[in-house]
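Read off the chains here:
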Amino acid sequence: MSSAPEQAPVYQRVFVTGMGMVSPMGNDAQAHINSMRKGETHFREIDFFDVSRQRVVTAGVADLPQYRSRYAISERAYNRLDRGSRLLLYATQKAIQDARMTAASDIPNNTPFVIGTSAAAMPLGEDYFKAETTEPFSRKGQLTRIEYYQPQKSMGSIQQALGFRGQTQIISNACASGANAIGHAFHLVKTGQHQIALAGGYDALAQMVFAGFDALQALSKSGIPRPFDVNRDGLAIGEGAAMLVLESEASMNARGAIPLAEICGYGMATDLHHLTQPHPEGKAAVKSMSAACQDAAIQPSEIQYINSHGTGTPLNDVAEANAICEWAGDHAKDIMVSSTKSAMGHLLGAAGAIESAVCLLALQGQFVPASLNIRDVDPACQFDLIQEPRDAAVDTVLTNSFGFGGCNASLIFRSPR
Amino acid sequence: MAATPHSFLDLLDNYFVNTSSSSSQDSLFVRGHGCVSAAGIGAGAIYQACMGELELTEEKRERIAGKETIVSEVRPVDAAALKAAMPKHPRLRRASNVSKFAITAACEAMGAELVERVQNQELRLGIVLMFMNGCVNYSNRFYTEVLADPSLASPIIFPETVYNAPASHVAGYLKSEGPAYTLISDSAGWFSSIKIAQDWLNAGQVDGCLVICAEELDWLVTEAFSLYSGRLHGTEGAAAIYLEKRSSRGASEVEIQSMIGPCDYTNTAERRDAIGSAWAIHAVSPDALLVDGLTGVARIDRDEQDILAAWSGKRVSPSAKLGFGGGATCGFQSIVALEALKNEHDSALVMASGTNQHAFSAHFRKS
């Protein structure tokens, strides 16, 4: 075949024009700001599945929003959704509202609806399993469970509920899923394939996943994670959802929308060290952060704040600390770093999305949230580890998400200019 | 808005991904393909089975449930043949079957030379792996342990239940530090995965990209299939293709000439319209071999059967031969198409109706 000379790609700038979030901190932006400004933690005993025989019984539990009559699906249809999808529906509705969009008229057909999740509708899978093993010949409710266990089905219901039609893509890159989803959607808009994208992540607490982390002894025995403390002993799981509206500059201007921030860099890399353990030097994290900077055409010295992955496990935090120091070099000491998982827990597939929202709140409010509960800082932290919420001038921020299987993703946001 | 029928020109505007065209931006060449299926290890076996040259045996699997026994008829992968063909690597010792299927198909798709180039960091690889169900064997086993006594639940099994464990093992074996996505989707997600690979190639993020789909059998899956129809039998395995933007100018090279999709839907009525939209692909090559998604179960096939009824050319239905392979279904179809191009055809269409998300279609052609 013949080939014409390739033209240099023309990229468009991408802005965040709306966000919605639900986490153990609350169900809107103001609740998150208030909590982070006060330095509160949000962990309590799980009461919707049996934890009586677990080593750890607490987690970051979100208040599940109730059915809203404005949803264009019935309450019965809503009740078919798993807990996580209900959280995502709420966050998506809030994001569209925040972007001052009318779903039916402002969101074009075929708009990417890019979602990150790690466990998806696992609670429905658990219910299906229990019914099959206790009443194998009763099919009552089983088809519905199987249908809605498949997350693409629930994503269709969310679109119906909110009155828009999108191209669902579900990325399941473990705990980096939310960041990958936002990064992927960012590139779809940046490259001009779409003018608008909705992207975020969700995960609800599920017995199997909770027991899995407990079996790995990855959960903090005290239930209070202490990321970057020298004596940290594990993470706390949390649940929630966050959704961002990403928009090209042209689309944003045409609508007269107000940008919350510009998303300008996305990097990813795969850590080959081990299925569940990062390379001790955080090699893939360095690559991921470097790739994000390259994508954004900026230097590490231009980043003022990092919302770290910072789970609170012994291996993760030292690897990430080493990676930040190597990546930033001499500038590391000037970079403010914190982990908001210390306050709300690790939201797994939603982590990258909610922590992106936290970065946007930091840019808007000119403050940085803290890594809470630290007594003695790990000596690997040769950066400005934020232990108390702080007012600060922040213009460009980065968030890291690392997952099982070696998925590493980094996103960069900056104040709109 | 429901997916509505479009004129072919509308579809070209909205969906057409690629042509043989003058621009290399969208060119997409299949440089290799591989498959693990109930027909055997290797892409040739599934084609032979679909052409009726290979008999497939069905296996009855029993699950004791209280005083009763539940029987599922399945077509599984031959475990001994898989073990003999699978690459050896410490990561794979306790990996799930779905990981083993994926890596075996991936290695066939890439071939030894390309595998070595990736392992030597001479080629930047992307990996997109998709499925509907994922690592169900270990999920079943682990959750059984959790319900019995969580303090004894195996910490070794749990990580293998995570959706992206297979992609991690593939990357680990190939020593690929590049981008890797795991997608959850209905069976047509195979083509969404190809679209992502194309984006990475167009952006210059990678030199080549592996697209893999895989599924494994378990009673959890086969009994779920039976909720749709008692005649819908399960199968398992993996399909993989290795894609590059540039032609190797090899004699047997195949180009993905065009794709239509995603044609999204959220309910049964919309599904019919979406399949109709995707079926516009038939206009590009009326002489092609059609590889459809029919399962042989009338109730499940009705929409696709009706919409494709006018097709008078040659056609083959891999799922009717093999059984329903969940997220691996469209990958199997594509492997059959690619083998057909190797053997006797110049052009093949793959029709992916999906199950509850989207429809897609693709035109594969010898370049």
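The structure presented is a predicted model; accordingly, all values stated were derived computationally and were not measured.

*Asks:* Just to check I follow, could you spell out the overall build of chain B for this structure?
*Replies:* For chain B, the count of helices and strands is 13 helices and 14 strands. Here chain B has a C-alpha radius of gyration of 20 Å; the compact-globule value for 367 residues is 21 Å, and the two agree. In terms of overall dimensions, chain B has a C-alpha envelope of 60 × 50 × 45 Å along the principal axes. When contacts within chain B are restricted to residue pairs at least 6 apart in sequence, long-range pairs at least 24 apart make up 77% of them. With the model as given, the accessible surface of chain B reaches about 13,000 Å², and the carbon-plus-sulfur share is 49%.

*Asks:* Please explain the environment of A:Arg55 as it appears in this structure.
*Replies:* All names here are of chain A. With respect to the helices and strands, the residue arginine 55 is situated in the loop between strand 2 (44–45) and strand 3 (58–59). Owing to a relative accessible area of 36%, arginine 55 belongs among the partly exposed residues under this scheme. Along the primary structure arginine 55 and threonine 17 are separated by 38 residues, whereas in three dimensions their C-alpha atoms are 42 Å apart.

*Asks:* Help me out: how do you make sense of helix 13 (residues 329–343) of chain B in this one?
*Replies:* One full turn of an α-helix is made of 3.6 residues, so residues set three or four places apart face in the same direction. The end-to-end C-alpha distance of helix 13 of chain B is 21 Å, a good match for the 21 Å that 15 residues give at a rise of 1.5 Å each. Along helix 13 of chain B, 13 of the 15 residues are buried, which leaves the element largely enclosed by surrounding structure.

*Asks:* Even after reading the chapter, I still don't get the packing of aromatic side chains, so can you show me in this structure?
*Replies:* For any two aromatic rings, the description comes down to two numbers: the centre-to-centre distance and the angle of the planes. Under the criterion given, the structure shown has 18 aromatic pairs over all chains. When the centroid spacing of 5.6 Å and the interplanar angle of 70° are considered together, the rings of B:Trp279 and B:Trp311 count as edge-to-face. Placement of the pair is B:Trp279 in the loop between helix 10 (268–278) and strand 11 (289–291) and B:Trp311 in the loop between helix 11 (298–307) and strand 12 (315–316), with a sequence separation of 32 residues. On the accessibility criterion, B:Trp311 (11% relative accessible area) is buried. Seen from the ring of A:Tyr11, A:Lys190 lies directly overhead, with NZ or CZ sitting 4.7 Å from the centre.

*Asks:* Explain the nonpolar core here, please?
*Replies:* Nonpolar side chains in soluble globular proteins tend to end up buried together. Of all hydrophobic cores here, the largest spans 115 residues; its most connected members are A:Phe210, A:Phe213, B:Met110, B:Val170, B:Leu174, B:Leu210 and B:Ile212. No other element matches helix 4 (residues 97–119) of chain B, which puts 12 residues into this core. Those residues in contact with B:Val170 that sit more than four places away from it in its chain are B:Ala102, B:Ile103, B:Ala106, B:Ile127, B:Leu129, B:Leu210 and B:Ile212. Of all hydrophobic cores here, the second largest spans 106 residues; its members include A:Ala185, B:Ala45, B:Met130 and B:Leu322.

*Asks:* I tried to follow the environment of B:Ala153 on my own but got confused; where do I start?
*Replies:* As for its position among the elements, B:Ala153 is in the loop between helix 5 (136–148) and helix 6 (158–161). As a C-alpha pair, B:Ala153 and B:Val71 span 82 residues in sequence and 28 Å in three-dimensional space.

*Asks:* Would you mind showing me how to read the interface of chain A and chain B here?
*Replies:* A common way to report how large an interface is uses the accessible area buried once the components associate. Opposite the 66 residues of chain A that make contact, chain B presents 80 residues. Across the interface of chain A and chain B, roughly 6,100 Å² is buried in total on both sides, 56% from carbon and sulfur atoms. Measuring nitrogen to oxygen at the nearest pair gives 3.6 Å for the salt bridge that ties B:Arg63 to A:Glu132. Contributing elements (two or more residues each) for the side of chain A that touches chain B: helix 5 (122–134), helix 6 (142–149), helix 7 (151–162), strand 5 (166–171), helix 8 (177–190), helix 9 (207–215) and strand 8 (261–270) of chain A. For the side of chain A that touches chain B, the element with the most residues is helix 9 of chain A, which contributes seven residues. In terms of residue class, the side of chain A that touches chain B is made up of 28 nonpolar, 28 polar and 10 charged.

*Asks:* What is the right way to look at the environment of A:Gln30 in this model?
*Replies:* With respect to the helices and strands, A:Gln30 occurs in helix 1 (residues 29–38). Sequence separation between A:Gln30 and A:Leu361 is 331 residues, and the spatial gap between their C-alpha atoms is 9.2 Å.

*Asks:* Just checking my understanding: could you explain the packing of helix 3 (residues 83–98) of chain A against helix 7 of chain A for this structure?
*Replies:* All names here are of chain A. For the pair helix 3 and helix 7, interaxial distance at closest approach is 10 Å and the crossing angle is 40°. Considering their axes alone, helix 3 and helix 7 lie oblique with respect to each other. Here the hand of the crossing between helix 3 and helix 7 comes out right-handed. Across from Ser85, Leu88, Leu89, Thr92, Gln93 and Ile96 in helix 3, the residues of helix 7 making contact are Ser154, Met155, Ile158, Ala161 and Leu162. Within the contact of helix 3 with helix 7, the residues separate by chemical class into seven nonpolar, four polar and no charged.

*Asks:* How do you make sense of helix 12 (residues 314–328) of chain A when you look at a structure like this?
*Replies:* Residue and element names in this part refer to chain A. With 15 residues, helix 12 extends 22 Å from end C-alpha to end C-alpha; this agrees with the ideal 21 Å at 1.5 Å per step. All of the buried residues along helix 12 are Asn316, Asp317, Ala319, Glu320, Ala321, Ala323, Ile324, Trp327 and Ala328. On its buried side, helix 12 packs onto helix 11 (283–296), strand 9 (305–307), strand 10 (336–338) and strand 14 (396–403). Looking one or two residues past helix 12, glycine 329 carries a phi angle of roughly 60°, positive in sign.

What counts as what
- Residues numbered from 1 in each chain as written.
- Chains lettered and ligands numbered in written order.
- Predicted model: local features only at pLDDT ≥ 70, side-chain atom pairs only at ≥ 80, totals over all residues.
- Heavy atoms only, no water.
- Helix = DSSP H or I, 4+ residues; strand = E, 2+ residues; numbered from the N terminus.
- Rg over C-alpha atoms; globule rule 2.2 N^0.38 Å.
- Contact = heavy atoms within 4.5 Å.
- Areas by Shrake-Rupley, 256 points an atom, 1.4 Å probe, with all protein chains shown as cover.
- Buried < 20%, exposed > 50% of the residue type's maximum accessible area, 1.4 Å probe, protein only.
- Expected span 1.5 Å × (residues − 1).
- Phe/Tyr/Trp six-rings, centres within 6.5 Å; stacked < 30°, edge-to-face > 60°.
- Lys NZ or Arg CZ within 6 Å of the ring centre and 35° of its normal.
- Core = buried A, V, L, I, M, F, W, Y, C linked by side-chain atoms within 4.5 Å.
- Buried area = accessible area lost by both parts, 1.4 Å probe.
- Salt bridge = Lys/Arg side-chain N within 4 Å of Asp/Glu carboxyl O.
- Nonpolar A, V, L, I, M, F, W, Y, C, P; charged D, E, K, R; others polar.
- Axes fitted to C-alpha atoms, helices over the stretch in contact; angles between N-to-C directions.
- Parallel < 35°, antiparallel > 145°, perpendicular 65-115°, else oblique.
- Left-handed = near helix turned anticlockwise from the far one by under 90°.

Scope: geometric values only; no functional claims are made or implied.
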